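Here is what each chain is made of, one letter per residue.
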Amino acid sequence: MSDTLALEFDCDPARLERDMIYHYLSQQSYWAAGLPRDVFERSLAGSLCFGVYVAGKQVGFARMITDQATFAYLADVFVLPDWRGRGISKALLAHITAYPVLQNLRRMLLATADAHGLYAQFGFTALSRPAYMMERLDQQVYQRLAATVSTPDCTQG
């Protein structure tokens, strides 16, 4: 990380630049393309959210879905394209993994298609017992939800 880059981390939901986060996730990310806004808002409400800021501007985001006692799932980690390559994602992960309520958890999970090397630096490994893990995956849910959104009929009063 650049010595001159002063990063600030914050978990205050009121400080999050929700429009920017939503745009990135729903329009630019490979994992949440088409994310409906109401689903996005519920996801923030049910998570411990981390913003990373430079000079007051939010440049990155991550959230932990957690009971803050035994389990956490790291999701939606990103740094805006113009800010990549400066060590911000490493600093964000260092902050998250050191965060007090996330200490001494039995299990912390995440899913990634392309950042295994980054997460390995913070102790993440392939599943120790993949045969024990199961999932219920619906990769088309956002597209299905988008197709069923009803538009108000403006002709009726």
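You'll find the structure just up there.
Residues numbered from 1 in each chain as written. Predicted model: local features only at pLDDT ≥ 70, side-chain atom pairs only at ≥ 80, totals over all residues. Heavy atoms only, no water.

**Section: the overall build of the protein chain**
In plain terms, the rule: Segments assigned H or I by DSSP are reported as helices when at least four residues long, segments assigned E as strands when at least two residues long, and all are numbered from the N terminus. Contacts are assigned to residue pairs that have any heavy atoms within 4.5 Å of one another. Values of accessible area rely on a 1.4 Å probe in the Shrake-Rupley scheme; residue burial ignores everything except the protein chains shown. In this charge count, Lys and Arg are treated as positive and Asp and Glu as negative; neither His nor the chain ends contribute. Think of each charge as sitting on NZ of Lys, CZ of Arg, CG of Asp or CD of Glu.
If you tally the helices and strands in the protein chain, you get 5 helices and 5 strands. In terms of overall dimensions, the protein chain has a C-alpha envelope of 60 × 45 × 30 Å along the principal axes. Here the contacts in the protein chain between residues at least 6 apart in sequence split such that 60% fall between residues at least 24 apart. Accessible surface, the protein chain as shown: approximately 10,100 Å² in total, 52% of it carbon and sulfur. Computed over 14 positive and 15 negative side-chain charges, the inter-centroid distance for the protein chain is 7 Å.

**A closer look at the pairing of strand S4 (residues 71-79)**
Condition: Accessibility here uses a 1.4 Å probe with only protein chains present; expressed as a share of the type maximum, an area under 20% marks a residue as buried, one over 50% as exposed, and anything in between as partly exposed. Two strands make a pair as long as DSSP finds a minimum of two bridges between them.
The buried fraction of S4 is high, at 7 of 9 residues. Pairing between strand S3 (residues 57-66) and S4: 6 bridges, direction antiparallel. Bridge assignment links phenylalanine 61 to a residue of S4, and that residue is phenylalanine 78. Following S3, the chain reverses through 4 residues before pairing antiparallel with S4; glutamine 68 in that reversal takes a positive phi of roughly 60°. As paired strands, S4 and strand S5 (residues 107-110) are joined by 4 bridges and run parallel to one another. By the bridge assignment, alanine 72 is partnered in S5 with methionine 108.

**Quick look at the environment of alanine 62**
Structurally, alanine 62 is set in strand S3. By relative accessible area, which is 0% here, alanine 62 ends up buried. Sequence separation between alanine 62 and leucine 74 is 12 residues; the distance between their C-alpha atoms is 7.3 Å. For alanine 62, the residues in contact, after removing those within four places along its chain, are Leu48, Cys49, Phe50, Leu74, Ala75, Asp76, Val77, Leu92 and Ile96.

**Description of the pattern of salt bridges**
Test applied: Salt bridges are defined as contacts in which a side-chain nitrogen from Lys or Arg sits within 4 Å of a carboxyl oxygen from Asp or Glu.
Taken as a whole and judged by the stated rule, the model has 8 salt bridges. Salt bridges here are not isolated pairs; linked through shared partners, they connect Arg18, Asp19, Arg37 and Glu41.

**Some thoughts on the environment of valine 39**
Tracing the backbone shows valine 39 in helix H2 (residues 37-45). Taking C-alpha positions, valine 39 is 15 Å from serine 29, a pair spaced 10 residues apart along the chain. Among all residues touching valine 39, those that are not within four sequence positions of it are Tyr142 and Leu145.

**Points about unusual backbone geometry**
The backbone of aspartate 76 shows a phi angle near 55°, a positive value even though the residue is not glycine. With respect to the element layout, aspartate 76 can be found in strand S4. Its identity as a non-glycine residue notwithstanding, asparagine 104 has a phi of 65°, on the positive side. Among the secondary structure elements, asparagine 104 is positioned in the loop between helix H3 (88-98) and S5.

**Some thoughts on a nonpolar patch on the surface**
Stated precisely, the cut-off is as follows: Patches here: salt-bridge-free residues with over 30% relative accessible area, like charges joined within 9 Å, nonpolar side chains (Val, Leu, Ile, Met, Phe, Trp, Tyr) joined within 5 Å.
Nonpolar side chains collect at one region of the surface, where Leu127, Tyr132 and Met133 lie side by side and expose about 320 Å² of accessible area between them. Take leucine 127: it is sitting in the loop between helix H4 (116-120) and helix H5 (141-148). The class of leucine 127 is partly exposed, set by a relative accessible area of 42%.

Function-wise, these values are silent; they only describe arrangement.
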